Amino acid sequence: MLIRTAARRRAAVTAATACALAVALTACGGTTKESAAKETAAAGSGATADPDAPLKKGLKLAFLPKQINNPYEKIVDEAGIAAAAEYGGTGKEVGPSDASASSQVSYINTLVQQRQDAILIAANDPNAVCGPLKQAMKKDIKVVAYDSDTAKDCRQLFINQASSEEIGRSLVQHLGEQIGYKGKFAILSATQNATNQNTWIEFMKDELKQPKYQDMELVKVAYGDDDDQKSFQQTQGLLAAYPDLKGIISPTTVGIAAAARYLGDSSYKGKVVLNGLGTPNQMRAYVKNGTVEQFSLWNPEELGYLGSYAAAALASGQITGAEGEKFTAGKLGEYTIGKDGEVILGEPTVFDKKNIDKFHF
């Protein structure tokens, strides 16, 4: 588990609230600003926060990941379900087997019919899920986005794993150091519509504008759709198209593991630098055999745990999602809601040979 003091966590939350960037600028498809505002107001009309209210017993929470078989999101969701048991609630995970833009819509509709108290969603597309999520909020079902945001008027809270800017810029910084700030590199992303991926990539591109990266060239952004085999094939395709490639950044746990598997069994091992976001358990062997020098991530268990308590606080009336409201997330301590309903877990950790055996998730 990642260990950090409550003071440090609160500082990270306060310092990073300004970083909900690209996702906050996207409006839901098929609505005007006026109609969106009316729908959002209707969803939360008359809501006032009572910070002293106890967490309700028997709350029903549903976690809707990008894909039901995504190992990273399985860790997040199982931790959130376990957290629900701590405060007397129940949780479950449902979701599609593919990560297409509209694949989550039917599941949201079913969860609304089941009268869940809260829906927690890692959105495959910021807009495709908006219609049914707004219907959920009208029926007083709380909506919390986590990992990958919806458009901001389609949920009450977004639980962000870390500052989006910090994630995007740091990945370019790490790769730059590893390749001596020279050469071609590519990005292996998840889906083209993934909110978190696109936000991080925009910050990567902005970081590249600095003079020290003038000899680095981003040649392509490839998409593995968070599918292991497709990500493996995309890695193979990148190296076939750009045999002089110096590095790959994969800001997705599925993508980085697939890319590492390809590189580890190829002549490119030790020649092409791979960096990105992964879990220690899936990347341990590749770090130890020299395929990957380092990678980053936050603790996905803590992300799910925080999301669960945030949803419970909403459903219990402790918070409404307004900026500046505070709530306590069990053993993680107190959090403050930032701009546009964003709550930031904390800082990512860099894993390498020196520390990877200290982490098991």
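Below or above, wherever it landed, is the structure these notes cover. (Residues numbered from 1 in each chain as written. Predicted model: local features only at pLDDT ≥ 70, side-chain atom pairs only at ≥ 80, totals over all residues. Heavy atoms only, no water.)

## Some points on the overall build of the chain
And step 1. If you tally the helices and strands in the chain, you get eleven helices and 14 strands.
And step 2. Counting the 361 residues in the chain, one finds 57% classified as buried.
And step 3. In the chain, once contacts between residues fewer than 6 apart in sequence are set aside, the share between residues at least 24 apart is 73%. (Helix = DSSP H or I, 4+ residues; strand = E, 2+ residues; numbered from the N terminus. Buried < 20%, exposed > 50% of the residue type's maximum accessible area, 1.4 Å probe, protein only. Contact = heavy atoms within 4.5 Å.)

## A word on helix 8 (residues 228-241)
And step 1. With 14 residues, helix 8 should cover 20 Å at 1.5 Å per step; its first-to-last C-alpha distance of 20 Å lies within 8% of that length.
And step 2. Of all the residues in helix 8, the buried ones are Ser-231, Phe-232, Thr-235, Leu-238 and Leu-239. On an axial view of helix 8, the arc spanned by its buried residues comes to 125 degrees, and they lie on one face. In helix 8, those exposed residues whose orientation departs by more than 90 degrees from the buried face are Ala-240 and Ala-241.
And step 3. Against the buried residues of helix 8 lie strand 6 (183-189), strand 7 (216-223), strand 8 (247-250) and helix 9 (253-264). (Expected span 1.5 Å × (residues − 1). Arc of directions from axis to C-beta.)

## Concerning the environment of Thr-199
And step 1. With respect to the helices and strands, Thr-199 occurs in helix 7 (residues 195-207).
And step 2. Looking at Thr-199, the relative accessible area reads 3%, which means it is buried.
And step 3. Sequence-wise, Thr-199 and Ser-148 are 51 residues apart; in three dimensions their C-alpha atoms are separated by 9.6 Å.

## As for the packing of helix 6 (residues 164-178) against helix 7
And step 1. Direction vectors running N to C along helix 6 and helix 7 enclose 50 degrees, while the axes themselves pass 8 Å from each other. Here helix 6 lies oblique to helix 7, going by the angle between them. For the pair helix 6 and helix 7, the crossing hand works out as right-handed. Contact with helix 6, carried on its side by Ser-164, Glu-165, Ile-167, Gly-168, Arg-169, Leu-171, Val-172 and Gln-173, involves Thr-199, Trp-200, Phe-203, Met-204, Asp-206 and Glu-207 of helix 7 and no other residues of that element.
And step 2. Broken down by class, the residue content of the contact of helix 6 with helix 7 amounts to six nonpolar, four polar and four charged. (Axes fitted to C-alpha atoms, helices over the stretch in contact; angles between N-to-C directions. Parallel < 35°, antiparallel > 145°, perpendicular 65-115°, else oblique. Left-handed = near helix turned anticlockwise from the far one by under 90°. Nonpolar A, V, L, I, M, F, W, Y, C, P; charged D, E, K, R; others polar.)

## Quick word on the packing of helix 8 against helix 9
And step 1. Running from N to C, helix 8 and helix 9 point in directions that differ by 55 degrees, and their axes come no closer than 8 Å. The angle between helix 8 and helix 9 falls in the class oblique. Of the two elements, helix 8 crosses helix 9, and the hand of that crossing is right-handed. Only Val-254, Gly-255, Ala-258, Ala-259, Arg-261, Tyr-262 and Leu-263 of helix 9 make contact with helix 8, whose side of the interface consists of Asp-228, Gln-229, Ser-231, Phe-232, Thr-235, Gln-236 and Leu-239.

## Some remarks on the state of the cysteines
By definition, a disulfide links the sulfur atoms of two cysteine residues through a covalent bond.
And step 1. Within the structure shown, the criterion is met by one disulfide.
And step 2. The partner cysteine of Cys-130 in its disulfide is Cys-154, sulfur to sulfur 2.0 Å. Looking down the S-S bond of the Cys-130 and Cys-154 bridge, the torsion is 90 degrees, so its handedness is right-handed. Here Cys-154 lies in the loop between strand 4 (142-146) and strand 5 (157-160) and Cys-130 lies in helix 5 (residues 130-138), a separation of 24 residues in the sequence. Of the two residues, Cys-130 and Cys-154, neither departs from the other in class, the shared state being buried. (Disulfide = S-S within 2.5 Å.)

## Re the pattern of salt bridges
And step 1. Tallied over the entire structure, the rule returns 15 salt bridges.
And step 2. Notably, a salt bridge pairs Lys-184 with Asp-244, separated by 3.4 Å at the nearest N-O pair. Of this pair, Lys-184 sits in strand 6 while Asp-244 sits in the loop between helix 8 and strand 8, and the two are 60 residues apart along the sequence.
And step 3. What emerges from the salt-bridge pattern is a single network uniting Glu-165, Arg-169, Asp-206, Glu-207 and Lys-209. (Salt bridge = Lys/Arg side-chain N within 4 Å of Asp/Glu carboxyl O.)

## Quick look at the sheet that holds strand 7
And step 1. Strand order in this open sheet of four strands is 7-6-8-9, and the pairing throughout is parallel. At either margin of the open sheet sits one strand with a lone partner, and together these are strand 7 and strand 9 (273-276). Across this sheet, the average inter-strand angle for adjacent strands is 20 degrees, counted without regard to direction.
And step 2. In this structure, strand 6 lies alongside strand 7, joined through seven bridges in parallel fashion. If you follow Ile-187 over to strand 7, its bridge partner there is Val-221.
And step 3. The strands touched by helix 8 are strand 6, strand 7 and strand 8; relative to strand 7, the strand with the most contacts, the crossing angle is about 145 degrees. (Pairing = 2+ DSSP bridges.)

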